[in-house]
Amino acid sequence: EALPADHPSHSGAIADSALLSACRGERPARTPVWFMRQAGRSLPEYRAARESTTMLESCLDPALAAELTLQPVRRYGVDAAIFYSDIMVPLKLAGVDVEIEPGVGPVLAHPVRSRDDIAALPTLTDEALTPIREAIGRVTTQLPDVPLIGFAGAPFTVASYLVEGRPNRTHPRTHELMHDDPQAWEALLEWVAEVDIAFLRAQVLAGASAVQLFDSWVGELSLVDYLVHVQPASGRVLRALGELGVPRIHFGTGTGHLLVAMRDAGADVMGVGADLTLDAANELLGGRTPLQGNIDPAVLAGSPEAVDAAVAAVLTAGGAAPAHIVNLAHGVPKDTDPDVLAHIVDLVHGAPAAVKGH
Ligand code: CP3
């Protein structure tokens, strides 16, 4: 299946961009950099634009979602936009009763815990994705030279919110369902995988040039549980997107023991959390996978010297990989000083790009 002839990824500026070159395993003239959660409360212009809307309302308003996507690109000059949305948006569009509570996170009116709950999950229609296509169209029209990354939450991480019903650090009910009723678990992950495929395809067909699958909480699983209970569903999502020919970035935190299995699920680029240095991740992956990461977000609140040292260390360690996209090891904390992120972009862009093998 081919993308339409007028898709942004066919334009020279986007195809040859530092981000897409690095995704292909090349070393572009300058190392690309963007930040997970670059849109959000750390930006005064975000707080002003979001003042009178809830999180999910802002995601479903195409003009506002486009504006919030563009804000960090304008301010920082990052090498990619990431679509302003949320991993819970496709569930909302399917008809799941979910809200995002400020300072808390996703909260469900009816957590999904039984076979009946899973069987009753609604279907995400293509028509419901209209506001997503509209928002993406607005972004790509206004941003002809910078690639837009589409994203979704991976089946495990999304399922953990569905089952727990609200944020929970250890996800006990999720583990319980996975082990006590593996068939029900498989059905739940298949449902999320279908929703993810529809959400990601809509973003790509409307103009996104790369995708990132966020499996933020999967690092808490053993390798065996990952291989048996999670990798098939993530693999289904990644393979479906591979058919569209866009690069697939796969990210989780605390995933050193899962990195190879997550790559083998069908990722082109691996995002690395704070548990590994990039040279160690590269070694685990056999030196053939482009890496994204992994400045510790905690350092952003530190001294200017500590920030500079962390950036230099990540650039050096990333020099071991076939290609490197600079990012944080997790999302931008909400109290981050935007000037620190602007400084990091300048540092990365000013640094001579590493040459593979040196
Ligand atoms: O800039 C970007 O990265 C794009 C937008 C984006 C958001 N959420 C917007 C958002 C992305 C990529 C996400 C992904 C997301 N959402 C993940 C995976 C990434 C990760 O951080 O691990 C997860 C687990 C969620 C679920 C979620 N949504 C949480 C845990 C929260 C935080 C709740 C809080 O208030 O602390 C959200 C809310 C959310 N998503 C905000 C933003 C900008 C903050 C909402 C606000 O401003 O009120």
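Sequence positions are assigned chain by chain, starting from 1 and proceeding in written order. The predicted origin of the model limits local features to residues at a pLDDT of at least 70 and limits the giving and counting of side-chain atom pairs to 80 or more, whereas totals for whole chains, interfaces and linings rest on all residues.

- As recorded in an unreviewed UniProt entry, the chain goes by Uroporphyrinogen decarboxylase and comes from Propionibacterium freudenreichii subsp. shermanii.
- UniProt positions are given in the numbering used here, feature names are shortened, and annotations may be inferred rather than shown by experiment. In UniProt, the chain has this text filed under Subunit (unreviewed entry): "Homodimer."
- Quoted straight from UniProt, the Function (unreviewed entry) entry for the chain says "Catalyzes the decarboxylation of four acetate groups of uroporphyrinogen-III to yield coproporphyrinogen-III."

As for the overall build of the chain
Argument step 1. Secondary structure elements follow DSSP: runs of H or I of four or more residues count as helices, runs of E of two or more count as strands, with numbering from the N terminus. The number of helices and strands found in the chain is 17 helices and 9 strands.
Argument step 2. What the globule rule says is 2.2 Å times the number of residues to the power 0.38, and the radius of gyration is computed from C-alpha atoms. The C-alpha radius of gyration of the chain comes to 19 Å, within 12% of the 21 Å expected for a compact globule of 358 residues.
Argument step 3. Over its C-alpha atoms, taken along the principal directions, the chain stretches across nearly 55 × 45 × 45 Å.
Argument step 4. Once C-beta atoms are placed from the backbone, each residue is buried if 20 or more other C-beta atoms lie within 10 Å of its own, exposed if 12 or fewer, and partly exposed for counts between those two. Within the span of the chain, comprising 358 residues, buried residues form 51% of the whole.
Argument step 5. Contact definition: two residues whose C-beta atoms, as placed from backbone geometry, lie within 7 Å. Sequence separation of at least 24 residues holds for 74% of the intrachain contacts in the chain that already meet a minimum separation of 6.

A short note on the site of the ligand
Argument step 1. By definition, a residue lies near a molecule or strand when the C-beta atom built from its backbone is within 6 Å of it. Within the structure, the ligand sits among 24 residues, and Ala39, Gly40, Gly105, Phe214 and Ser216 are positioned closest to it.
Argument step 2. Put simply, the parts of the chain that give the shell around the ligand at least two residues each are strand S3 (105-108) and strand S4 (148-153).
Argument step 3. For this classification, the nonpolar set comprises Ala, Val, Leu, Ile, Met, Phe, Trp, Tyr, Cys and Pro, the charged set comprises Asp, Glu, Lys and Arg, and every other residue, Gly included, is treated as polar. Tallied by class, residues from the shell around the ligand come to 13 nonpolar, 8 polar and 3 charged.

Quick look at unusual backbone geometry
Argument step 1. Cis geometry is found at the peptide bond from Gly293 to Asn294, where omega equals -25 degrees.
Argument step 2. With respect to the helices and strands, Asn294 occurs in strand S8 (residues 291-295).
Argument step 3. Non-glycine residue Arg37 carries a positive phi angle of around 60 degrees.
Argument step 4. Looking at where Arg37 falls in the secondary structure, it is placed in the loop between helix H2 (18-23) and helix H3 (44-50).

Observations regarding the sheet that holds S8
Argument step 1. DSSP calls a pair of strands paired once it identifies at least 2 bridges connecting them. One open sheet holds the 7 strands; their spatial order is S1-S4-S5-S6-S7-S8-S9, and the pairing between them is parallel. Every interior strand has two partners, whereas the edge strands, strand S1 (81-82) and strand S9 (324-328), have only one.
Argument step 2. Pairing analysis gives 5 bridges linking S4 to strand S5 (residues 210-214), with the strands arranged parallel. Pairing of Gly150 across the sheet is with Val211, part of S5.

A look at the environment of Leu200
Argument step 1. Relative to the assigned elements, Leu200 resides in helix H11 (residues 182-206).
Argument step 2. Leu200 sits 38 residues away from Leu162 along the chain, and the two C-alpha atoms are 19 Å apart.
Argument step 3. If we ignore the near neighbours within four places in the chain, the residues touching Leu200 are Gly150, Ala152, Val211 and Leu241.

Observations regarding the UniProt feature "domain: Uroporphyrinogen decarboxylase (URO-D)" (unreviewed entry) in the chain
Argument step 1. Here the UniProt feature "domain: Uroporphyrinogen decarboxylase (URO-D)" (unreviewed entry) sits at residues 32-41 and 149-165.
Argument step 2. End-to-end, the C-alpha atoms of residues 32-41 are 23 Å apart, and along that stretch the chain is 0% helix and 0% strand.
Argument step 3. Structurally, residues 149-165 is divided into 59% helix and 29% strand, and its ends, taken at the C-alpha atoms, are 28 Å apart.

Quick look at the packing of H11 against helix H13 (residues 231-242)
Argument step 1. To obtain an axis, a line is fitted to C-alpha atoms, over the contacting stretch when the element is a helix, and the angle between two such axes runs from 0 to 180 degrees between their N-to-C directions. At a minimum axis distance of 9 Å, the contact between H11 and H13 shows a crossing angle of 20 degrees. When the axes of H11 and H13 are compared, the pair comes out roughly parallel. Crossing of H11 against H13: the hand is right-handed. On H13, the residues touching Leu189, Glu190, Val192, Ala193, Asp196, Ile197, Leu200 and Val204 of H11 are Ala233, Arg236, Val237, Ala240 and Leu241. Our angle categories are set so that under 35 degrees counts as roughly parallel, over 145 as roughly antiparallel, 65 to 115 as roughly perpendicular, and the remainder as oblique. Each crossing gets its hand from how the near helix is turned against the far one by less than a right angle, where anticlockwise is left-handed and clockwise is right-handed.

Digging into the nonpolar core
As a rule of thumb, nonpolar side chains are buried together in soluble globular proteins.
Argument step 1. The nonpolar core is taken to be a set of buried Ala, Val, Leu, Ile, Met, Phe, Trp, Tyr and Cys residues joined by way of C-beta atoms within 7 Å. Counting residues in each nonpolar core, the largest one holds 118 residues, and the members touching the most others are Ala81, Ile149, Val192, Ala208, Ala210, Val211 and Met270.
Argument step 2. Setting aside residues up to four positions removed in sequence, Val211 forms contacts with Ile149, Gly150, Phe151, Leu200, Val204, Leu241, Val246, Arg248 and Ile249.

Some remarks on the pairing of strand S2 (residues 98-101)
Argument step 1. Strand direction decides the pairing type here: S2 and S3, joined by 4 bridges, are antiparallel. For Val98, the partnering residue across the bridge sits in S3 and is Leu108.
Argument step 2. Between S2 and S3, which pair antiparallel in sequence order, lie 3 residues; one of them, Gly103, sits at a positive phi of approximately 75 degrees.

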